Amino acid sequence: MLRLQSNPTSLSPAGNPITSVINVSSSSLRESIPGCFLSLLSLSKPTTMAAVALNGLKMAATSQAYLESTPVNDTRKLLSDLCRHFYGLGWVSGTGGSITIKVHDESIPKPQQLIVMSPSGVQKERMVPEDMYVLSPSGCFLSSPSPKPYPNKPPKCSDCAPLFLKAYLMRNAGAVIHSHGMESCIVTMIDPLSKEFRITHMEMIKGIQGHGYYDELVVPIIENTAYERELTDALAEAIEAYPKTTAVLVRNHGIYIWGDSWIHAKTQAECYHYLFDAAIKLYQLGLDWSTPDHGPIKKYGGKTNMSVKAGTVNSNHETEPSRRCIVLDIEGTTTPISFVTDVLFPFARNNVSRHLAATYETDETQDDIKLLRTQVQNDLEQGIVGAVPIPPDDAGKEEVIAALVANVEAMIKADRKITALKQLQGHIWRTGFQNNELEGVVFEDVPEALQKWHASGIKVYIYSSGSRLAQRLLFGYTNHGDLRKYLCGFFDTTVGNKRETKSYVEITESVGVDKPSEILFVTDVYQEAVAAKAAGLEVIISIRPGNGPLPDNHGFKTITSFSDI
């Protein structure tokens, strides 16, 4: 064993001097030690090595007593228990797969918490707590297991270590699971060219962070390599390209899943595997898991596709643009502007005070208030008309609510498209829809068009300045019933302002098309049309009763009904 010991010159989170002790199995040193630790091997003087080690570990350096403490030992045991459980599920059989968990300690911020990681190349169902590695947040080894007699292999930390560290660094995760579950492998093989797995309208989607039943779950797929560590850059690129994802699939290999805690990671892993298994079974039945009603998979030219790609020929024998997705605006496109201005806005304005008073202590409303405080502070700094200071919480509930109501009324009057307002409005409207005080209104031609597009395999999305919650409510409680079964997803201003081109670029990257021109965007607002066209989308302007005038020679195709599309 190699043992490095430094002088107690740094402090623990509690302020006590600590001695850094690093135990590593010398037989597997070069195979499993990260770069931060390998750099020590070129130094000759033990005292210098200890000093460099202490500098590299910084606050993550810990005493031998802490390495043997209850939090660390409990995490080691938990890891071995989970490995046995996951072996029974088929996720870590044949020595494959791996798990890592951060040592939860309230006195240490998560980025500085120690990491416990399973070894590589061992029977996962037979592991014991003493088999686990303990690492610093930067990946330096603090403790490694002792060698076991033949036929056991020399200890070696998981080959997944570099990928685990990326998830910890880029997502501030509390645990990461690498599964070789068969369903996570096969689901990447159904379409060898696909770079994403997509599924919607499945109950278990609700178990994935940030997703609901009506949302579309998108999981990026990266290509496999001969060695696990070579996946590191591709995993990092996928994490960056898909900021909402909590997993990355590796084709013909498995999946990496992370969460805020081991419970969160485990829950999501179970949901992901369920969804992959469901997709495989639906595919075997000839059904499309990526559409809301999971109807028959469409075939074009003898080739099976999960969505429409081919162009169509119109009555004039002209080939119309290929459309795989349609993105719809709401006001003036699917719904009369008057419904929003004369029904929804007044309902929200008239019920702000009642809603805040009734739900003031809830986490949801406190989050709404936090967003409004930030927005109002920015408004005050910019001199926005109607903005008034919001007193601190200790001023009393009534005073805070009065100030919030004044600001919200001013925002509604100015028809501001800001997240803080839209989120609160969505929560107020939810109460109205659920209590049958509100009913969504869409134009008569909308339900039939949605059904037709859906039946033809075209995916339909909504993009509105209203919150995603508000959009789901409007289409879930309409005068024509629940229309959400025809919709694949909802976008709001969290992807960007509707008059900015980058917002449509973000949508293009989210809906899974090869080219922006495969998306048709329908809106009543000229500036939105210009922004979408600049992003490469096909654009049609909707002309409905009550819509505003368009500029002369605007250059866009127009319709008065969805039946014209």
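Just so it is clear, the structure is predicted and the values come from calculations on it, not from any experiment.

Remarks on the sheet that holds strand S21 (residues 519–523)
Reading across from one edge, S20-S19-S18-S21-S22-S23 is the order of the six strands in this open sheet, with parallel pairing throughout. Each edge of the sheet is formed by a strand with only one pairing partner; in this case those strands are strand S20 (489–491) and strand S23 (557–559). Put simply, the sheet's adjacent strands are angled 25° from each other on average, direction ignored. Examined bridge by bridge, strand S22 (residues 538–542) and S23 share three bridges and lie parallel to one another.

Side note on the pairing of S22
With five of five residues buried, S22 lies mostly within the body of the structure. The side-chain alternation of S22 yields two buried faces, one formed by Glu538, Ile540 and Ser542 and the other by Val539 and Ile541. Sheet topology places S21 next to S22; four bridges connect them, and they run parallel. Bridge pairing links Leu520 to Glu538 in S22. As a crossover connection, the stretch from S21 through helix H17 (residues 526–534) into S22 is right-handed.

Topic: the sheet that holds strand S5 (residues 98–102)
Pairing within the open sheet is mixed, and its nine strands lie in the order S8-S7-S6-S5-S9-S13-S12-S11-S10. At either end of the open sheet lies a strand with only one pairing partner, and these are strand S8 (141–143) and strand S10 (196–200). The sheet shows a mean angle of 25° between the axes of neighbouring strands, taken without regard to direction. Here two bridges tie strand S11 (residues 216–222) to strand S12 (residues 247–250), and the two strands are oriented parallel to one another.

Focus: the confidence of the model for the chain
Looking at the chain, the pLDDT average stands at 85 and 85% of residues meet or exceed 70. The weakest mean pLDDT in the chain belongs to strand S2 (residues 10–11) at 30; the strongest belongs to strand S13 (residues 254–259) at 98. A low-confidence stretch, residues 37–61 stays under pLDDT 50, and its non-local contacts, those more than four residues away or across chains, total 43 contacts. Segment residues 300–315 is flagged for pLDDT under 50; beyond a separation of four residues in sequence, or across chains, it makes 34 contacts in the model.

Section: the UniProt feature "binding site: substrate 2" (unreviewed entry) in the chain
As recorded in UniProt, the feature "binding site: substrate 2" (unreviewed entry) lies at Ser464, Ser465 and Lys498. A compact arrangement is adopted by the annotated residues: their sequence extent is 35 residues, whereas the largest C-alpha distance between any two is 7.7 Å. Along the polypeptide, Ser464 turns up in the loop between strand S19 (459–463) and helix H15 (468–476). Residue Lys498 is classed as buried on the basis of its relative accessible area of 6%. Not counting residues within four places of it along the chain, the set of residues in contact with Lys498 comprises Asp329, Tyr463, Ser464, Ser465, Tyr504, Glu528 and Ala531. Of note is the side chain of Lys498, whose polar atom sits 3.2 Å from the backbone oxygen of Tyr463.

Details of the packing of aromatic side chains
This structure, assessed with the given rule, holds 15 aromatic pairs. The interplanar angle of 70° and the centroid separation of 6.0 Å between the aromatic rings of Phe164 and Tyr256 together place this pair among those described as edge-to-face. In this pair, Phe164 sits in helix H6 (residues 161–171) while Tyr256 sits in strand S13, placing the two residues 92 residues apart along the sequence. Note on Tyr256: relative accessible area 1%, which makes it buried. Their ring planes at 25° and their centres at 6.0 Å tell us that Tyr272 and Phe276 sit as a pair that is stacked. In this pair, Tyr272 and Phe276 both sit in helix H9 (residues 262–284), four residues apart, roughly one turn of the helix. Owing to a relative accessible area of 1%, Tyr272 belongs among the buried residues under this scheme. A residue is classified by how much of its surface remains accessible, and Phe276, at 0% relative accessible area, is buried. Aromatic rings pair up to connect Phe197, Tyr272, Phe276, Tyr283 and Trp289 into one cluster. The residue whose ring lies beneath Arg229 is Tyr227, and the NZ or CZ to ring-centre distance is 5.1 Å. Just above the ring of Tyr463 sits the side chain of Lys498; from NZ or CZ to the centre is 5.3 Å.

Thoughts on the pattern of salt bridges
Throughout the structure, instances matching the rule amount to 27 salt bridges. A salt bridge links Asp415 to Lys417, with the shortest nitrogen-to-oxygen separation between them at 3.2 Å. Residue Asp415 is classed as partly exposed on the basis of its relative accessible area, which comes to 33%. Among the residues examined, Lys417 registers a relative accessible area of 34% and is labelled partly exposed. Between Arg544 and Asp445 there is a salt bridge, and its shortest N-O distance comes to 2.8 Å. Separated by 99 residues along the polypeptide, Arg544 in the loop between S22 and S23 and Asp445 in the loop between helix H13 (419–434) and helix H14 (446–455) bring together distant segments of the chain. Comparing Arg544 with Asp445, the two get one shared label, buried. Look at the salt bridges and you will find they share partners, linking Glu196, Arg198, Glu216 and Lys459 into a network.

Re the environment of Gly210
Within the secondary structure layout, Gly210 lies in the loop between S10 and S11. On the accessibility criterion, Gly210 (60% relative accessible area) is exposed. When neighbours within four sequence positions are excluded, Gly210 is seen to be in contact with Asp215 and Arg468.

Re the packing of helix H10 (residues 337–359) against helix H12 (residues 397–413)
Axis separation between H10 and H12 bottoms out at 9 Å; the angle between their running directions is 170°. One finds that H10 runs roughly antiparallel with respect to H12. Handedness of the H10/H12 crossing: right-handed. Counting all contacts with H10, which are made through Phe345, Ala348, Arg349, Val352, Ser353, Leu356 and Ala357, the residues of H12 involved are Lys397, Ile401, Leu404, Val405, Val408, Glu409 and Ile412. Across the contact of H10 with H12, the residue classes break down as ten nonpolar, one polar and three charged.

Cut-offs and rules
- Residues numbered from 1 in each chain as written.
- Predicted model: local features only at pLDDT ≥ 70, side-chain atom pairs only at ≥ 80, totals over all residues.
- Heavy atoms only, no water.
- Pairing = 2+ DSSP bridges.
- Helix = DSSP H or I, 4+ residues; strand = E, 2+ residues; numbered from the N terminus.
- Axes fitted to C-alpha atoms, helices over the stretch in contact; angles between N-to-C directions.
- Buried < 20%, exposed > 50% of the residue type's maximum accessible area, 1.4 Å probe, protein only.
- Right-handed = clockwise from strand over helix to strand, strands pointing away.
- pLDDT = per-residue confidence, 0-100.
- Contact = heavy atoms within 4.5 Å.
- UniProt positions renumbered as here; feature names shortened; annotations may be inferred.
- Polar contact = N/O pair within 3.5 Å; in protein donor to acceptor, adjacent residues only side chain to side chain.
- Phe/Tyr/Trp six-rings, centres within 6.5 Å; stacked < 30°, edge-to-face > 60°.
- Lys NZ or Arg CZ within 6 Å of the ring centre and 35° of its normal.
- Salt bridge = Lys/Arg side-chain N within 4 Å of Asp/Glu carboxyl O.
- Parallel < 35°, antiparallel > 145°, perpendicular 65-115°, else oblique.
- Left-handed = near helix turned anticlockwise from the far one by under 90°.
- Nonpolar A, V, L, I, M, F, W, Y, C, P; charged D, E, K, R; others polar.

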